[in-house]
Amino acid sequence: MEEKKFLNIYLVSDCTGDTLSSVSRAVMDRFSNVEYEEYIFSLVRTEGQVDKIFSKIKRPAVVMYTIVDESVRTHLKKLCKENNIEYVPVLSPIISKISSLLGMKTNDIIGKRFALDEEYFSWIEAVNYALSHDDGNLMDDLEEADIVLVGVSRTSKSPTTIYLAYRGYKTANVPYVMNSSLNEKLPKLKKPFIVGLTISVDRLIEIRKNRLMSLNDYHNNDYVNIETVSHEIEEARKFFLQNRWPIIDVSRKSVEETATKIIQLYQERQLSKGN
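Residues numbered from 1 in each chain as written. Predicted model: local features only at pLDDT ≥ 70, side-chain atom pairs only at ≥ 80, totals over all residues. Heavy atoms only, no water.

Observations regarding a negative patch on the surface
Item 1. Residues Glu-47, Asp-51, Asp-69 and Glu-70 make up a contiguous surface patch of negative charge.
Item 2. Residue position: Asp-51 is located in helix H2 (residues 47-54).
Item 3. Overall, Asp-51 belongs to the partly exposed group, its relative accessible area being 38%. (Patch = residues over 30% accessible without salt bridge, like charges linked within 9 Å, V, L, I, M, F, W, Y side chains within 5 Å. Areas by Shrake-Rupley, 256 points an atom, 1.4 Å probe, with all protein chains shown as cover. Salt bridge = Lys/Arg side-chain N within 4 Å of Asp/Glu carboxyl O. Lys, Arg positive; Asp, Glu negative; His and termini not counted. Charge placed at Lys NZ, Arg CZ, Asp CG, Glu CD. Helix = DSSP H or I, 4+ residues; strand = E, 2+ residues; numbered from the N terminus. Buried < 20%, exposed > 50% of the residue type's maximum accessible area, 1.4 Å probe, protein only.)

Encoded structure:
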């Protein structure tokens, strides 16, 4: 059997580091027998900040970076070479290719996406909307949402909602509870794209048991009873089908995978409407 290996991954960015994190995880998913620890250093814009990072590095290590400022970038590479640490410029090869293809030079603006423009404020509005419309709150203005997620308890509604908000979609989530008055309001919505989230019985019971353990609650038997859970999932699925909402099984999906599928379906809906 192949020996399990370990790697420390240092992500150094002059912005949020989200791009680096996505690339890192996509790459490490290709190595089944490797454990890794990810360290994200955001808004790194001085050589002094780079020095502090290198004072903390533990081996074995690799440094992945996206830095616009040439002097800071050069300093980081110099320290990597001096310490015999592998480094990877994540976006540079792609930017170079695109620059060559277009016959244009890139600009040196750091964090352009964070300019206080209309797009930025729309993003802030989406995040605030998601936070205030979590778990069925403020149902009266759901018509303003782009996307509404519906599912039984512990189907990753909240984290998926936040992820979609981060991508700029005003998203709310509503728990499916049998015989709830909320079930009458949802089908009346006209604007939002409504998605039903489902999950396998075994997986849901596993998640719910872990949740109860974290709360030191060992008496809520119905919450993890196989017959009760099976009925709950089946009734939710019937509700989704009755309203012709798309259904996504989140049993073995990450939040990112679920959100990506929702965005794909949402965009297809918008195209079909001519928007």
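A few points about the nonpolar core
A general tendency of soluble globular proteins is for nonpolar side chains to be buried together.
Item 1. Among the nonpolar cores identified, the biggest contains 40 residues, and Leu-142, Ile-147, Val-148, Leu-164 and Leu-186 are the most heavily contacted of them.
Item 2. When contributions to this core are tallied by element, the ones reaching two or more residues are strand E5 (147-151), strand E6 (171-175), strand E7 (193-198), helix H8 (201-214), helix H9 (226-242) and helix H10 (255-273).
Item 3. Within the second largest apolar cluster, 17 residues are counted, among which are Tyr-10, Val-12, Ala-61 and Ile-67. (Core = buried A, V, L, I, M, F, W, Y, C linked by side-chain atoms within 4.5 Å.)

Side note on the packing of aromatic side chains
Item 1. As enumerated under the stated definition, the model contains ten aromatic pairs in all.
Item 2. Ring plane angle 35° and centroid distance 5.4 Å describe the contact between Tyr-176 and Phe-239, whose orientation is recorded as tilted. You can see Tyr-176 sitting in the loop between E6 and helix H7 (182-185) and its partner Phe-239 sitting in helix H9, a full 63 residues away along the chain. The burial state of Tyr-176 is the same as that of Phe-239; both residues are buried.
Item 3. Taken together, a centroid distance of 6.3 Å and an interplanar angle of 40° make the contact between Phe-240 and Trp-245 tilted. Each member of the pair, Phe-240 together with Trp-245, is buried.
Item 4. An aromatic cluster of three or more residues is present, and its members are Tyr-176, Phe-239, Phe-240 and Trp-245.
Item 5. One residue, Arg-208, lies across the ring of Tyr-223, its end atom 4.4 Å from the ring centre. (Phe/Tyr/Trp six-rings, centres within 6.5 Å; stacked < 30°, edge-to-face > 60°. Lys NZ or Arg CZ within 6 Å of the ring centre and 35° of its normal.)

The values are spatial; any link to function lies outside them.
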